[in-house]
Amino acid sequence: MNCPCCGSGRSSKAFDSIEPGFRVQQCSDCGLGRTVPALRAEELGKYYPETYYGRENVRFNFVIEWLVRLFRWRRARLLRRLAPPGPVLDVGCGRGFILSYLKALGCEAHGTELSDAAAWHARNVLGLEVSSGDFLSFPRGPGRYNAVIFWHTLEHLPQPFEALALARDILKTGGLLVAAVPNFESDQARLFGRHWFHLDIPRHFTHFSRRAIEALLSRLGFRIVRLDHFSFEQNPYGWLQSFLDALGFDHNFLYDVLKDRGARTRRIRRHPVQALLTLLLLPPLALLSLLLLLWETARRRGGAIEIYAVKQ
Ligand SMILES: [Zn+2]
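Residues numbered from 1 in each chain as written. Predicted model: local features only at pLDDT ≥ 70, side-chain atom pairs only at ≥ 80, totals over all residues.

Chemist: Explanation requested: the overall build of the chain in the structure shown.
Modeler: The helix and strand tally for the chain stands at 12 helices and 11 strands. The C-alpha radius of gyration computed for the chain amounts to 19 Å, which stays within 12% of the reference 20 Å derived for 312 residues, consistent with globular compactness. In the chain, which comprises 312 residues, the share counted as buried stands at 40%. Of the contacts formed within the chain by residues at least 6 apart in sequence, a portion of 69% connects residues at least 24 apart. (Helix = DSSP H or I, 4+ residues; strand = E, 2+ residues; numbered from the N terminus. Rg over C-alpha atoms; globule rule 2.2 N^0.38 Å. Buried ≥ 20, exposed ≤ 12 C-beta atoms within 10 Å, placed from the backbone. Contact = placed C-beta atoms within 7 Å.)

Set out below in structure tokens:
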């Protein structure tokens, strides 16, 4: 099967996944990775239980929750500055923070989510208009939106290339496409391989490299106007959790402990020694991860990248 980003017919196995039964196949020319075999539609529910979204869609403790809101607010302001004023669609809008901030900044804000459970917070707490179901099946008029956002959602879609083509169709000429994805050719991805936190297999179908997404957007008629390698929200944690996983701790132990109280109690009771060791290692590893954030940004090899592209 030819690479959907660059058209190359050459690929090789990168590694077997930590999650048994899956491997990553990588394009030899643009570096695009794909999870093989891809999850079937009927298996999705097993990997997105309601706890994935958190109780009433609250996922982390309050300090992290406060930081998440701050990052979303800054992102909404940047998007408002770069996109022409008008309707905005957030594909996989999650709890809806970006949309609610965009609405506060005067935009007409719409969202999509895979399920009603995932859309609960955006709809019922923030009162946003969110459609649930497969993005590809939503009929929308061409040239309807001034901006379409895929914030860490493209990698979760079984057909990301078709989704980007649909986004191009529903964008006005001059409209803004915003996408954030983990970078499969980042320093952290290369160093940690199958232990890299942002692989998230099998929920991630596709592992984009910067080269791959640049090639794809250019093929679809977009011009990239901004590409950031600095993501305070994603990249230091990518280093930190990958270090812990590579050291042999139970897979994503810290992530699960931070995520919600129920998981915390269960995981700590099951692995008290790991909990203590994690606590001891946390200060030096967190400091190292912050230094590596600066390093990877200077090298333009960020663990996650953020792309802003204009439809031509
Ligand atoms: Zn390729």
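Now, onward.
Chemist: In this structure, what is going on with the pairing of strand 4 (residues 88–91)? I would like to understand it.
Modeler: When a strand is regular, its side chains alternate between the sheet's two faces. Neither face of strand 4 is exposed, since Val 88 and Asp 90 on one face and Leu 89 and Val 91 on the opposite face are all buried. The sheet contact formed by strand 4 and strand 5 (residues 109–113) spans four bridges and is parallel. Its bridge partner being in strand 5, Val 91 is matched across the sheet by Thr 112. As judged from the three bridges shared by strand 4 and strand 7 (residues 145–151), these two strands associate in the parallel manner. By the bridge assignment for strand 7, Asp 90 is matched with Ile 149. (Pairing = 2+ DSSP bridges.)

Chemist: In this structure, what is going on with the sheet that holds strand 9 (residues 206–207)? I would like to understand it.
Modeler: Paired through their backbone hydrogen bonds, the strands of a sheet run either parallel or antiparallel. One open sheet accounts for four strands, arranged 1-2-3-9; its pairing is antiparallel. The open sheet terminates on both sides in strands that have one partner only, identified here as strand 1 (11–16) and strand 9. Alignment of strand 3 (residues 33–36) against strand 9, held across two bridges, turns out to be antiparallel. Residue pairing in the sheet places Arg 34 in a bridge with Thr 206 of strand 9.

Chemist: I would appreciate a short explanation of the packing of helix 9 (residues 235–246) against helix 12 (residues 272–298) in the present structure.
Modeler: Each pair of packed helices gets described by two things: the angle between the helix axes and the distance between those axes. At a closest axis distance of 8 Å, the pairing of helix 9 and helix 12 adopts a crossing angle of 135 degrees. For the element pair helix 9 / helix 12, the angle class is oblique. Crossing handedness for the pair helix 9 and helix 12: right-handed. Judged by residue contacts, Asn 235, Pro 236, Trp 239, Leu 240, Phe 243 and Leu 244 of helix 9 engage Thr 278, Leu 285, Ala 286, Ser 289, Leu 290, Leu 292, Leu 293 and Glu 296 from helix 12. Residues of the contact of helix 9 with helix 12, tallied by class, amount to 10 nonpolar, three polar and one charged. (Axes fitted to C-alpha atoms, helices over the stretch in contact; angles between N-to-C directions. Parallel < 35°, antiparallel > 145°, perpendicular 65-115°, else oblique. Left-handed = near helix turned anticlockwise from the far one by under 90°. Nonpolar A, V, L, I, M, F, W, Y, C, P; charged D, E, K, R; others polar.)

Chemist: I'm lost on the nonpolar core in this one. Help?
Modeler: One recurring pattern in soluble globular proteins: nonpolar side chains tend to sit buried together. Membership of the largest hydrophobic core comes to 63 residues, with the highest contact counts inside it found for Cys 5, Leu 102, Ala 147, Val 148, Ile 149, Leu 177 and Ala 212. Per-element tally for this core: the top contributor is strand 8 (residues 171–182), with seven residues. When sequence neighbours within four positions are dropped, the list of residues in contact with Ala 212 reads Cys 5, Cys 6, Cys 27, Cys 30, Gly 31 and Leu 32. In terms of nonpolar packing, the next biggest core, distinct from the first, is built from 10 residues, Phe 243, Phe 253, Val 257 and Leu 292 among them. (Core = buried A, V, L, I, M, F, W, Y, C linked by C-beta atoms within 7 Å.)

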